[in-house]
Amino acid sequence: MWMSIWVIIPVKPLSRAKSRLSDVLDNDARARLTEYMFRRVLVAVKGASQIAGTLVISRDTRALAIARELGAHTVQESGHPELNTALTRATQVVLGWRGSAVMVLPADLPLITSEDVGAIADLGMFDNTVVIAPDAVQDGTNALFTRPAGLIEYMYGIGSFKRHIALSEAAGARVKVYESDRVALDIDMPADLETFRALHPEVDAETAPRSS
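Along each chain, numbering runs from 1 in the same order as the chain's sequence is written. With the structure being a predicted model, the display of local features is reserved for residues of pLDDT at least 70 and the display and counting of side-chain atom pairs for 80 or more, all residues being used for whole-chain, interface and lining totals. For the side-chain quantities, the full set of heavy atoms in the structure was used; hydrogens and water were omitted.

## Quick notes on the pattern of salt bridges
And step 1. In the sections that follow, a salt bridge refers to a side-chain nitrogen of Lys or Arg positioned within 4 Å of a carboxyl oxygen of Asp or Glu. By the definition in use, this model includes eight salt bridges.
And step 2. A salt bridge links Asp188 to Lys18; the shortest N-O distance between them is 2.8 Å. Remark: Lys18 occurs in the loop between strand E1 (5-11) and helix H1 (27-46) and Asp188 occurs in the loop between helix H6 (181-184) and helix H7 (190-199); sequence separation between them is 170 residues. Each member of the pair, Asp188 as well as Lys18, is classed as buried.
And step 3. The partner of Asp116 in a salt bridge is Arg182, and the shortest N-O contact between them spans 2.8 Å. Taken together, the positions of Asp116 in helix H4 (residues 114-123) and Arg182 in helix H6 put the pair 66 residues apart, joining distant regions of the chain.
And step 4. Its relative accessible area of 0% is what places Asp116 among the buried residues.
And step 5. Given the relative accessible area of 35%, Arg182 is considered partly exposed.
And step 6. When salt bridges with common partners are traced through the structure, they connect Lys18, Arg20, Asp108 and Asp188 into a single cluster. Secondary structure elements follow DSSP: runs of H or I of four or more residues count as helices, runs of E of two or more count as strands, with numbering from the N terminus. The classification of residues rests on relative accessible area computed with a 1.4 Å probe and restricted to protein chains. Under 20% of the type maximum is buried, over 50% is exposed, and intermediate values are partly exposed.

See the structure below:
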């Protein structure tokens, strides 16, 4: 059962990510921070024994190279695909590989651990189950596990946490919420960055030096 769980990580172009941090970080710093978080997510997934493999979808060749470096499979996108459409296509790829469960993780969770990934997978061990981890304000979806893969439609965007719960309940799925301060922290706004810096000041100089 465990060996059929796949993680899907969508990645925006690293050099253009986190535009909402432009007031506090220059382009190079934002790219370094984005790469740092992406690598953290890949390492966390790789260390979870329940996961069969990782599929990274991106149109950024740098992001795809990093993914392959860390043992992930990749699909290169073209154009500017909408996130929910891209995730649906990636799920079809996983189903073609006989994957029976999918966990979608964003690439900007700097505190996520292998224990978090494993705990989410454990909560979804039975069929017809959806596990959702919200962001800090319980608006967005920071982890979404579905067994079977493709059980519900992806509805990422503002208010996705409640939408995914509603879709899961409408599908008759067992819904479980994974609440974790580590998984809840995604870095989108300057306040998120300050929270991260307070927890991990040692990585600040390497990934996101403060603006002078």
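Right, picking up where we left off after that structure.
## What about the packing of aromatic side chains?
And step 1. Aromatic rings from Phe, Tyr and Trp, taking only the six-membered ring of Trp, are treated as a pair when their centres fall within 6.5 Å; an angle between ring planes under 30 degrees marks them as stacked, one over 60 as edge-to-face, and anything in between as tilted. Following the criterion strictly, the structure yields three aromatic pairs and no others.
And step 2. For the ring pair Trp6 and Trp97, a centre distance of 5.0 Å and an interplane angle of 45 degrees mean the geometry is tilted. Here the residue Trp6 occupies a position in strand E1, and Trp97 occupies one in the loop between helix H3 (83-96) and strand E4 (101-104), the gap between them amounting to 91 residues.
And step 3. Look at Trp97 and you get partly exposed, because its relative accessible area is 38%.

## Describing the nonpolar core
And step 1. Within the largest apolar cluster, 34 residues are counted, with the highest numbers of intra-cluster contacts made by Ile9, Phe38, Val56, Met103, Leu105 and Val117.
And step 2. Ranked by residue count, the leading element in this core is H1, at five residues.
And step 3. With residues near it in sequence (within four places) discarded, Leu105 still touches Val7, Ile8, Ile9, Pro10, Val41, Val45, Ile112, Val117, Asn142 and Ala143.
And step 4. Residues belong to one nonpolar core when they are buried, are Ala, Val, Leu, Ile, Met, Phe, Trp, Tyr or Cys, and are joined through side-chain atoms within 4.5 Å. Membership of the second largest hydrophobic core comes to 20 residues, among which are Leu87, Val130, Ile132 and Ile152. In what follows, a contact means two residues having at least one pair of non-hydrogen atoms within 4.5 Å.

## With respect to unusual backbone geometry
And step 1. Omega for the peptide link from Arg147 to Pro148 comes to 10 degrees, which places this bond in the cis form.
And step 2. As for its placement among the helices and strands, Pro148 is situated in the loop between strand E6 (141-147) and helix H5 (160-170).
And step 3. Phi angles above zero are rare outside glycine, and Lys18 is one such case at about 60 degrees.
And step 4. Even without being a glycine, Arg98 presents a positive backbone phi close to 65 degrees.
And step 5. Within the element layout of this structure, Arg98 appears in the loop between H3 and E4.

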